[in-house]
Amino acid sequence: QVQLVESGGGLVQAGGSLRLSCAVSGIFFSGNDVAWYQQAPGKQRDLVARITSDGSTNYANSVKGRFTISKDNAKNTVYLQMSSLKPEDTAVYYCNLRSRVGNNYWGRGTQVTVSS
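Residues numbered from 1 in each chain as written. Predicted model: local features only at pLDDT ≥ 70, side-chain atom pairs only at ≥ 80, totals over all residues. Heavy atoms only, no water.

Participant: Hey, could you run me through the sheet that holds strand 1 (residues 3-7) in this one?
Facilitator: Note on sheets: strands pair through backbone hydrogen bonds, and any given pair is parallel or antiparallel. Reading across from one edge, 1-3-8-7 is the order of the 4 strands in this open sheet, with antiparallel pairing throughout. Lying at the two open borders of the sheet, with one neighbouring strand each, are strand 1 and strand 7 (67-72). The mean inter-strand angle of the sheet, taken between neighbouring strand axes irrespective of direction, is 15 degrees. Pairing analysis gives 5 bridges linking strand 1 to strand 3 (residues 18-25), with the strands arranged antiparallel. Looking at the pairing, Glu6 lines up with Cys22 of strand 3. (Pairing = 2+ DSSP bridges. Helix = DSSP H or I, 4+ residues; strand = E, 2+ residues; numbered from the N terminus. Axes fitted to C-alpha atoms, helices over the stretch in contact; angles between N-to-C directions.)

Structural data, given as structure tokens:
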């Protein structure tokens, strides 16, 4: 019954911007950590950004200064604002919720493609 639904992906030119959204339902949202991961073809799924229940954030070094994670507790939605996009940012981006009892929930992912 827990559902995470990503949206906002697409094709963008290098230097452009996108904002991804992840709508969460079926689980307490504000008390859990929520994150964005990326996975390129043939690569590991890597953490991009995380926001904790108290609002603290952390970012992968590769996106620091370019991406911003935020959340709206009233809407049960987490966002990833992506700016100054590079071709190496091309990947499927997944929303993740990590519960305090150790369960991980994933969305289906949304494709982001950055052209040169």
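Participant: In this structure, what is going on with the nonpolar core? I would like to understand it.
Facilitator: Across soluble globular proteins, nonpolar side chains show a tendency to be buried alongside one another. By size, the foremost hydrophobic cluster in this structure holds 25 residues, and its most contacted members are Trp36, Val48, Phe67, Val78, Leu80, Met82 and Tyr93. Residue assignment for this core shows that the elements contributing at least two residues are strand 3, strand 4 (33-39), strand 5 (46-51), strand 7, strand 8 (77-82), strand 9 (91-98) and strand 11 (110-115). In this structure Phe67 touches Val48, Tyr59, Leu80, Gln81, Met82, Ser83, Leu85, Asp89 and Tyr93, once residues within four positions along its chain are discounted. (Core = buried A, V, L, I, M, F, W, Y, C linked by side-chain atoms within 4.5 Å. Buried < 20%, exposed > 50% of the residue type's maximum accessible area, 1.4 Å probe, protein only. Contact = heavy atoms within 4.5 Å.)

Participant: Got a minute to help me understand the state of the cysteines in this structure?
Facilitator: Two cysteines form a disulfide when their sulfur atoms are joined by a covalent bond. Tallied over the entire structure, the rule returns 1 disulfide. At a sulfur-sulfur separation of 2.1 Å, the disulfide partner of Cys22 is Cys95. Handedness of the Cys22-Cys95 disulfide follows from its S-S torsion of about -90 degrees: it is left-handed. Of the two residues, Cys22 is situated in strand 3 and Cys95 in strand 9; the sequence distance between them amounts to 73 residues. On the basis of relative accessible area, Cys95 is assigned to the buried category, the value being 0%. (Disulfide = S-S within 2.5 Å.)

Participant: It is not clear to me how the pairing of strand 3 should be interpreted in this structure. Could you clarify?
Facilitator: Consecutive residues of a regular strand have side chains that alternate between opposite faces of the sheet. With 6 bridges joining them, strand 3 and strand 8 adopt antiparallel strand pairing. Note on strand 8: the bridge partner recorded for Arg19 is Gln81.

Participant: Looking at this model, I keep getting lost on the pattern of salt bridges. Mind explaining?
Facilitator: Between side chains of opposite charge, a pair can form as their charged atoms come close. Counting across every chain of the model gives 2 salt bridges. Its salt-bridge partner being Arg98, residue Asp33 comes within 2.9 Å of it at the nearest N-O pair. Taken together, the positions of Asp33 in strand 4 and Arg98 in strand 9 put the pair 65 residues apart, joining distant regions of the chain. Judged by relative accessible area, which is 32%, Arg98 ranks as partly exposed. With a closest N to O distance of 2.8 Å, Asp89 and Arg66 form a salt bridge. With Asp89 in the loop between strand 8 and strand 9 and Arg66 in the loop between strand 6 (57-59) and strand 7, the pair connects residues that are 23 residues apart, well separated along the chain. Look at Asp89 and you get buried, because its relative accessible area is 3%. (Salt bridge = Lys/Arg side-chain N within 4 Å of Asp/Glu carboxyl O.)

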